[in-house]
Every structure is written in C-alpha cells, then in structure tokens.
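A closer look at the structure
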Amino acid sequence: MSFHSAAAQLVTLAAEGEQHGGNHDSISPWLTGGGAFVILLLLLWVTTRFNRDR
C-alpha cells in the first residue's frame, strides 16, 4: 500500500465521520460522567480501606 492510497483512504474515512457529528444519540454525557464519578469514588473508597496502616 502506498502512502498516497493510505492518505486517500484516511481522507474518505474522515469525510464520512463529519456527516454523523461524532456524537451518538443514545449516549448521555451526564450519565457517562456521573457513572465515571461514582466508579472513581468507589475505587477511592476501596483504596483507602486497604491502606489503613498509614
């Protein structure tokens, strides 16, 4: 595969992505962020329970 054909394929792929806008309708940013926050708090709680000797 030459550099020119690889670049042409990447340009085509990027042009197709513009039509969709990059966002999916079923993914809520608030739900995703809230879920990540809860998971991080749970990991913080577990970590602090295992480090009681400090």
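Model, not experiment: these values are computed from the prediction.

Time to look at the overall build of the protein chain. A tally of regular secondary structure across the protein chain gives two helices and zero strands. Within the protein chain, buried positions represent 0% of all 54 residues. When the accessible surface of the protein chain is summed, it comes to about 5400 Å², and 68% of that surface belongs to carbon and sulfur atoms.

On the surface, a nonpolar cluster with roughly 400 Å² of combined accessible area is contributed by F37, V38, L41 and L44. If you trace the backbone, L44 turns up in helix α2 (residues 29–50).

So, about the UniProt feature "transmembrane region" (unreviewed entry) in the protein chain. Per the UniProt record, "transmembrane region" (unreviewed entry) is found at residues 27–46. Helix makes up 90% of residues 27–46 and strand 0%, and the two end C-alpha atoms of the span are 28 Å apart.

Rules used throughout
- Residues numbered from 1 in each chain as written.
- Predicted model: local features only at pLDDT ≥ 70, side-chain atom pairs only at ≥ 80, totals over all residues.
- Heavy atoms only, no water.
- Helix = DSSP H or I, 4+ residues; strand = E, 2+ residues; numbered from the N terminus.
- Buried < 20%, exposed > 50% of the residue type's maximum accessible area, 1.4 Å probe, protein only.
- Areas by Shrake-Rupley, 256 points an atom, 1.4 Å probe, with all protein chains shown as cover.
- Patch = residues over 30% accessible without salt bridge, like charges linked within 9 Å, V, L, I, M, F, W, Y side chains within 5 Å.
- Salt bridge = Lys/Arg side-chain N within 4 Å of Asp/Glu carboxyl O.
- UniProt positions renumbered as here; feature names shortened; annotations may be inferred.

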